[in-house]
Structures are given as C-alpha cells and as structure tokens.
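Residue-level listing of the chains:
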Amino acid sequence: MKTLLKNAKMVELLHQLEPFLTRRDQIGYVAARNYRILTDCLTEYTKFRNDLIGKYGEPDLDEKGKALSTISIKIGSPNFERFCDEMQPLNNIEHEVEVMTARYKDVIGELSGKEILSIDWMLED
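Report on the accompanying structure. Sequence order as written defines the numbering, with residues in each chain counted from 1. Per-residue local features are limited, in this predicted model, to residues with pLDDT of at least 70; the limit for side-chain atom pairs, both in listing and counting, is 80 or more; totals at the level of whole chains, interfaces and linings are taken over all residues. Side-chain numbers come from the whole structure's heavy atoms, not from hydrogens or water.

As for the overall build of the protein
The cut-off we apply is this: Secondary structure elements are taken from DSSP: a helix is a run of H or I of four residues or more, a strand is a run of E of two residues or more, and numbering for both begins at the N terminus. Type-normalised accessible area, obtained with a 1.4 Å probe on protein chains alone, sets the label of each residue: buried when under 20%, exposed when over 50%, and partly exposed for intermediate values. We call two residues in contact whenever any of their non-hydrogen atoms come within 4.5 Å of each other. A residue counts as positive if it is Lys or Arg and as negative if it is Asp or Glu; His and the chain ends are not included. Note on charges: their place is set at NZ of Lys, CZ of Arg, CG of Asp or CD of Glu.
Counting its regular elements, the protein contains six helices and six strands. Mapped from its N terminus to its C terminus, the protein presents α and β elements in the order β-α-α-α-β-β-α-β-β-α-α-β. Overall size of the protein, expressed as C-alpha extent along the three principal axes, is 50 × 35 × 20 Å. The proportion of buried residues among the 125 residues of the protein is 31%. Within the protein, residue pairs in contact and separated by at least 24 positions form 60% of the contacts whose partners lie at least 6 positions apart. For the protein, the separation between the mean place of its 17 positive charges and that of its 22 negative charges on side chains is 3 Å.

As for the environment of Lys2
Counting through the fold element by element, Lys2 comes out in strand E1 (residues 2-6). Along the backbone, Lys2 and His95 are 93 residues apart, and their C-alpha atoms lie at a distance of 10.0 Å. When sequence neighbours within four positions are dropped, the list of residues in contact with Lys2 reads Glu96, Val97 and Glu98.

What about the packing of helix H3 (residues 43-56) against helix H4 (residues 80-91)?
Each pair of packed helices can be described by the angle between their axes along with the distance between the axes. The following threshold applies: Axes, fitted as lines to C-alpha atoms, cover a helix only where it is in contact. Angles between the N-to-C directions of the axes lie from 0 to 180 degrees. Reported orientations rely on four angle classes, namely roughly parallel under 35 degrees, roughly antiparallel over 145, roughly perpendicular from 65 to 115, and oblique for the rest. Amino acids outside the nonpolar list (Ala, Val, Leu, Ile, Met, Phe, Trp, Tyr, Cys, Pro) and the charged list (Asp, Glu, Lys, Arg) are all regarded as polar, and Gly is one of them.
Following both chains from N to C, one finds H3 and H4 inclined at 170°, their axes separated by 10 Å at the closest point. It follows that H3 is roughly antiparallel to H4 by the angle criterion. Residues Tyr45, Phe48, Arg49, Leu52, Ile53, Lys55 and Tyr56 of H3 form the contact with H4, whose participating residues are Arg82, Phe83, Glu86, Met87, Leu90 and Asn91. Of the residues that constitute the contact of H3 with H4, the class distribution is eight nonpolar, one polar and four charged.

Put into structure tokens, the structure is as follows:
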C-alpha cells in the first residue's frame with residue numbers, strides 16, 4: 001500500500017513497530033519489512049539529525065562523570081531549541097512510501113486491542 005508520510009511520522013511509526021520485531025510469525029515479518037522500509041526512507045534524515053546532535057549535543061557521561069564516546073542532546077539543554085529549529089523543516093518533508101500490510105483477520109486473537117491500535121496503519125480489511 002502506497003502512502004504519503006512525513007519524516008517525523010515515520011520516526012514515530014518505527015517506534016511503534018519495535019515491540020513486534022521479536023515475533024516469529026507473519027506479524028513479525030510484516031513489522032520487520034516495514035521497519036526496514038521506513039529506516040531506508042529515513043537515511044538522509046537520520047544522517048542530518050545525527051550531524052546536528054554532534055553539533056549541538058554534549059558527550060554522555062558515565063556514573064563517575066567521565067565522558068563517554070557517545071553524544072546526545074537533552075531537552076532543556078541550551079542548544080536544544082536550536083537543534084529543534086534546524087530539524088523542523090526536515091520533519092515536515094513528505095515521502096511516498098510503500099508499506100507492507102497485514103489483514104485484520106490475521107491479527108485477531110494474536111494481538112491485544114492496544115497492540116492492534118498501535119499498528120493500525122499497516123492493517124487492512
């Protein structure tokens with residue numbers, strides 16, 4: 001199924017798929033395919049985001065306060081607003097994405113209502 005999605009929405013959908021990636025059934029298969037498809041669509045977005053984190057972020061610290069090799073940006077940090085301002089135009093870029101779908105009848109009895117609602121975007125009648 002082809003659908004038009006913004007970068008920010010695709011990031012949200014990736015997070016929704018994560019709990020299903022450990023399944024060893026059709027639901028896990030469809031989730032894994034869609035995770036890969038969305039990740040591929042977000043390649044440039046992710047690189048740009050990581051570059052901005054490197055630019056505006058601060059080194060993560062271990063429990064002793066020693067700098068680790070990773071960098072992150074935290075909400076409330078002095079540069080967080082600049083980071084968000086530079087990301088905003090990219091968040092709204094839309095892509096036509098071909099997502100794989102599963103049928104509602106195949107997930108009934110396999111998933112809870114809450115789980116079904118979280119992946120409703122990849123289910124069809």
